[in-house]
Amino acid sequence: MRSYKASSRVGGVAAAAVLLSVFAVGPALADDPPAGSDGFTIQDPRITESSGLAASRAHPGVYWTHNDSDDGAYLYAVDGRTGKTLATLTLTGIGSPRDVEAISVGPDGDLYVGDIGDNLGGKWDHVWIYKLPEPKELRDQTVRATQYVVKYADGPRNAEAMMVHPKTGRVYIVEKGEDGGGLYEGPDPLDSSATNVFKRVADIDLWVTDGAFSPDGKQLALRGYFGGVAYSWNDGKPKRQGQLNVPLQPQGESVTYTLDGKTLLYGSEGKGSSVKPVEVEGAGGSGNSGGESGSSGSDGDGGGFTGKAGAVGAAVALIAVIGIGRLLRRPKAK
């Protein structure tokens, strides 16, 4: 597994670790990382454009994902051990999804789905968020969802990142812009009978394709195609900590923390796509993400690329992986 921060332990420390592994089997088992912490490959041939990823709370080691655009009102529960789909949810009680780009789990245990993409470049006057209870039993089933109408206080936006804070339950959206964008805060609570106006509360210097809060709510990780940025949440006033070591992927669209907060999992679009793990710096021995959320440096000059200039700098590497044709893929007509 790739790590954010290299470290070396030799001599007495290594010996102590061996002794602990032999004589403390019980605690070691209790501290075993969640399934999926080493990454996995999505096996379901229906999942060709995985655009969101969220670690299940009700079913540790299971990860929720979905296709983007107008695939339909479906969510898939993927086993972090095998990469196989354990359940498919069909959402009812909503309209026809337009461009589903994000998924998150709230402190209430509900799943929040962000139908927030806008391939027309911010022309739709509203988008939607769907909320549904996470099923207690993993099986193919139909689940009724609540639909929320969303608008932005400063006009239409294209977005692919939606995060629910794990402590407050407040919903946030990050605009997707080549030169960066804004972090938008939703009303608390969301109202299914009215328009929910999201207000810009911070600037984000990244071409964002997804984001995730750490399980303790103290960190915010945002990723793009070519890199990512780690923030301390700072009571809703995010403070940049450094850049994330995001793995190079064909079309990096998703990110989530594992339930123990020790690993960030990065997903990509594509049939049989792989979810790549990267350890969170400072979280290895604490079981939470109180470190730098996987940043490569608190001064923000670590690896990765942010903004449009960084994207241009990484284009050559991307072409080597996915080819010019994929890079120049035109938006889907709606």
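Structure: above.
We now turn to the structure provided with this report. (Residues numbered from 1 in each chain as written. Predicted model: local features only at pLDDT ≥ 70, side-chain atom pairs only at ≥ 80, totals over all residues. Heavy atoms only, no water.)

**Concerning the environment of G270**
Defined as follows: Helix and strand definitions here come from DSSP, where helices need a minimum of 4 consecutive H or I residues and strands a minimum of 2 consecutive E residues; each element is numbered from the N-terminal end. Between two residues, a contact is recorded if the distance between any of their heavy atoms is within 4.5 Å.
Mapped onto the secondary structure, G270 falls in the loop between β20 (263-268) and β21 (274-279). Sequence separation of G270 and P45 is 225 residues, and the distance between their C-alpha atoms is 9.7 Å. Leave out the neighbours within four places in its chain, and G270 touches I47, T48 and E49.

**Re the packing of aromatic side chains**
The description of an aromatic ring pair rests on the distance of the ring centres and on the angle between the ring planes. What counts is decided by this rule: Ring geometry is summarised as follows: Phe, Tyr and Trp rings, the Trp one being its six-membered ring, pair when their centres sit within 6.5 Å, and such pairs are stacked at plane angles under 30 degrees, edge-to-face over 60 and tilted between the two. Each residue gets one of three labels from its accessible area relative to the maximum for its type: buried under 20%, exposed over 50%, partly exposed in between, using a 1.4 Å probe on protein chains only.
For the coordinates displayed, the defined rule picks out 8 aromatic pairs. A ring pair is formed by Y172 and W233, whose centres lie 4.9 Å apart and whose planes are at 80 degrees; its orientation type is edge-to-face. Of the two residues, Y172 sits in strand β12 (residues 171-175) while W233 sits in the loop between β17 (228-232) and β18 (239-244), which places them 61 residues apart along the sequence. By the burial criterion, Y172 is buried, and W233 matches it. A ring pair is formed by F213 and W233, whose centres lie 4.8 Å apart and whose planes are at 85 degrees; its orientation type is edge-to-face. Highlighted residues: F213 in strand β15 (residues 208-213) and W233 in the loop between β17 and β18, separated in sequence by 20 residues. Taken individually, F213 and W233 each receive the classification buried, so the pair is uniform in this respect. Within the aromatic cluster, the residues linked to one another by ring pairs are Y172, F213 and W233.

**What to know about the pattern of salt bridges**
Rules: Take a side-chain nitrogen of Lys or Arg and a carboxyl oxygen of Asp or Glu: if they are within 4 Å of each other, that pair is a salt bridge.
Counting across every chain of the model gives 10 salt bridges. Its salt-bridge partner being K176, residue E160 comes within 2.8 Å of it at the nearest N-O pair. Linking E160 in strand β11 (residues 159-164) with K176 in the loop between β12 and β13 (181-185), this pair joins segments that are 16 residues apart in sequence. Each member of the pair, E160 as well as K176, is classed as buried. The shortest N-O distance in the salt bridge between D205 and R240 comes to 4.0 Å. Remark: R240 occurs in strand β18 and D205 occurs in the loop between β14 (195-204) and β15; sequence separation between them is 35 residues. Residue R240 is classed as partly exposed on the basis of its relative accessible area, which comes to 30%.

**Some thoughts on the sheet that holds strand β1 (residues 40-41)**
Selection rule: Two strands qualify as a pair provided DSSP detects at least 2 bridges between them.
Spatially, 4 strands are ordered β1-β21-β20-β19 in an open sheet, and the strand pairing comes out antiparallel. On the outer flanks of this sheet lie β1 and β19 (252-257), each paired with one strand and no other. The sheet contact formed by β20 and β21 spans 4 bridges and is antiparallel. Its bridge partner lying in β21, L265 is registered against P277.

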